[in-house]
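Understanding the architecture of this molecule
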Amino acid sequence: MYKISKRTFLRQACIASAGSVCMNQLLQGGEYSSGMVRSGEKDLWKWSKESIYYEETPRGIRCLVCPNECTLKSGETSTCRNRINHGGKLYTIAYGNPCAMHVDPIEKKPFFHFMPGSRAFSIATAGCNFACLNCQNWSISQVSPKETENYDLMPAEVIKETLADKCQSVAYTYSEPITFYEYVFDTSVIARRNHIKNVLVSNGYINEKPLRNLCKVLDAATIDLKSFDESTYARLNAGKLQPVLNTLKIFKQEGVWLEISNLVIPSWSDNADMIKRLCDWLFQNGFADTPLHFLRFQPLYKLNQLPPTPIPVLENARKTALDRGIKYVYIGNIPGTAAVSTLCAHCKKVIIERNGYTISRNLIRDGSCSFCGERIPGRWT
Ligand code: SF4
């Protein structure tokens, strides 16, 4: 097995900007290709494991991990490109073969109320159960692990690297971790034994049973609520809204720390009425204390003809959310904005001052505002 050295790792670790991965560097070789292995067809079974959630049907094997519920005949590959029906059994081929691996500030995920200032050892394999037209990481999300340059890093090795680099959490991120569920779960179990936290950065498109099981080993999740409209979910993401809303409720019930993002895309998800409905649903369903991040869209992938989100649209979205009772609302992907700092919901003073992803002042003491004593929701230590 390839064992990455500390030196190699530090060389490869990078803090990518605005939520995207340095995958172009990875795929184009250069220094990032050092120590990577090509996981072609011959290596397929080295990084495979029988799936946990599937059933036999008369039409083939049905995966039960996410609402796509792919039904596969023998030899067929799934929509997410990393599950295969092999001889009547369902296998994941995204196990121990991450194609992206970086150290990130936890704020980049984004988490603003979870262990601020800590470092997350971040991994992703290829594959996704959505097909978003605006995908930031399409070069890894819209391909199979067979097509990417991958590290050979089994769960125990992930934790070794996490500890060696003094990270406080493992983040399952960049592509869609729900599709590499078994790798996430097994790594999370070992992380817990080593007092490392587990955080999920996800589209939230997962069935209830695997989700509740995953909640047993997860500490926090940040979910990208892509819009508040079923037709937009179908056209923009090739997904559905309702299962994502169910996921938000389940995380809350299971006590996993939750933050929510909404990428505001011109002409797709910037409708003021849709944003109002999204905020009303969150408030009415008990998410007033859940941090909400409105993120600026940048032209990318299949939506590269659109302009970036105008800043006033994001400011209006934030105002709408605050007016409708959401207490902690942020704006992301705008350099220099003050809307990344945390204000106490009671006295309105700045209690965490951020400069991009860097914290310049933290005035939360024992989970409370040091000015007025208001309890600030979050996991602070
Ligand atoms: S996880 Fe992948 S294989 Fe399973 S249902 Fe979802 S898209 Fe299909």
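For the structure, see preceding data.
Below is a summary of the structure that appears in this document.

The rules behind the values
Residues numbered from 1 in each chain as written. Predicted model: local features only at pLDDT ≥ 70, side-chain atom pairs only at ≥ 80, totals over all residues. Heavy atoms only, no water. Helix = DSSP H or I, 4+ residues; strand = E, 2+ residues; numbered from the N terminus. Buried < 20%, exposed > 50% of the residue type's maximum accessible area, 1.4 Å probe, protein only. Contact = heavy atoms within 4.5 Å. Areas by Shrake-Rupley, 256 points an atom, 1.4 Å probe, with all protein chains shown as cover. Core = buried A, V, L, I, M, F, W, Y, C linked by side-chain atoms within 4.5 Å. Expected span 1.5 Å × (residues − 1). Arc of directions from axis to C-beta. Polar contact = N/O pair within 3.5 Å; in protein donor to acceptor, adjacent residues only side chain to side chain. Pairing = 2+ DSSP bridges. Salt bridge = Lys/Arg side-chain N within 4 Å of Asp/Glu carboxyl O. Near = heavy atom within 4 Å. Nonpolar A, V, L, I, M, F, W, Y, C, P; charged D, E, K, R; others polar. Phe/Tyr/Trp six-rings, centres within 6.5 Å; stacked < 30°, edge-to-face > 60°. Lys NZ or Arg CZ within 6 Å of the ring centre and 35° of its normal.

**Structural notes on the overall build of the protein**
- When helices and strands are tallied, the protein shows 10 helices and 21 strands.
- Relative to its 381 residues, the protein shows a buried fraction of 59%.
- Counted over contacts in the protein with a minimum sequence separation of 6, partners at least 24 positions apart contribute 68%.
- Within the structure as shown, the protein displays about 15,400 Å² of accessible surface, and the carbon and sulfur contribution to it stands at 51%.

**Comments concerning the nonpolar core**
- The biggest cluster of nonpolar side chains holds 74 residues, and the ones touching the most others in it are L225, L248, F251, L282 and F294.
- In this structure F294 touches N262, V264, I275, C279, L314, A317, R318, A321, V329, Y330, I331 and G332, once residues within four positions along its chain are discounted.

**Remarks on helix α9 (residues 272-284)**
- Between the first and last C-alpha of α9 there are 18 Å, a value that for 13 residues agrees with the 18 Å anticipated at 1.5 Å per step.
- Among all positions in α9, only M274, I275, L278, C279, W281 and L282 are buried. Angular distribution of buried residues about the axis of α9 spans 160°; they occupy a single face of the element. In α9, the exposed positions that point more than 90 degrees away from the buried face belong to A272 and Q284.
- On its buried face, α9 is in contact with α7 (230-237), α8 (241-254), β14 (257-264), β15 (292-296) and α10 (311-323).
- Sitting at the amino-terminal end of α9 is N271, which places a side-chain oxygen 2.9 Å from the backbone nitrogen of D273.
- Just downstream of α9 lies G286, where phi reads positive at about 85°.

**Looking at α8**
- In this model α8 runs 20 Å from its N-terminal to its C-terminal C-alpha over 14 residues, within 8% of the 20 Å that 1.5 Å per residue would give.
- Where α8 is concerned, the buried positions are L241, P243, V244, L245, T247, L248, I250 and F251.
- Next to the buried residues of α8 lie β12 (197-202), α6 (208-215), β13 (220-224), α7, β14 and α9.
- Downstream of α8 by a residue or two, G255 has a phi angle that is positive, lying close to 75°.

**With respect to the pairing of strand β7 (residues 89-92)**
- Note: strand β2 (residues 49-50) against β7, 2 bridges, orientation antiparallel. Paired with K49 across the two strands is T92, which belongs to β7.
- Judged from the 4 bridges that link them, strand β6 (residues 83-86) and β7 form a sheet pairing that is antiparallel. Within β7, the residue paired with N85 across the bridge is L90.

**Brief notes about the pattern of salt bridges**
- All chains considered together, the criterion is met by 16 salt bridges.
- Salt bridges linked by common partners bring D104, K108 and K109 together as one network.

**Considerations on the site of the ligand**
- Near the ligand the following residues occur: C63, V65, C66, N68, E69, C70, S78, C80, R83 and N129.
- For the shell around the ligand, the class distribution of residues is 5 nonpolar, 3 polar and 2 charged.

**Points about the environment of T148**
- The topology assignment puts T148 in the loop between α3 (138-141) and β10 (149-150).
- Exposure remark for T148: the relative accessible area of 1% places this residue in the buried category.
- Only 3.4 Å separates the side chain of T148 from the backbone oxygen of P145, close enough to count as a polar contact.
- At 2.7 Å, the side chain of T148 forms a polar contact with the side chain of N150.

**Some remarks on the sheet that holds strand β18 (residues 350-355)**
- Here we have 3 strands laid out as an open sheet, ordered β17-β18-β19, and antiparallel in their pairing. Only two strands of the sheet have a single neighbouring strand rather than two, namely β17 (342-343) and β19 (358-362).
- Two strands pair when backbone bridges link them, and β17 and β18 are joined in this way by 2 bridges, in the antiparallel orientation. Its bridge partner lying in β18, T342 is registered against I352.

**Quick notes on the sheet that holds β2**
- Reading across from one edge, β2-β7-β6 is the order of the 3 strands in this open sheet, with antiparallel pairing throughout. If you trace the sheet from one side to the other, it starts and ends with β2 and β6, each paired once.

**A word on the packing of aromatic side chains**
- Under the defined criterion, the tally for this structure stands at 11 aromatic pairs.
- Measuring from ring centre to ring centre gives 6.2 Å for F180 and Y183, while their planes differ by 50°; the resulting arrangement is tilted. Like F180, the residue Y183 is buried in the burial classification.
- Connected via pairs of aromatic rings, a cluster forms that spans Y53, Y181 and F185.
- Above the face of the F112 ring, R354 is positioned so that its terminal group lies 4.1 Å from the ring centre.

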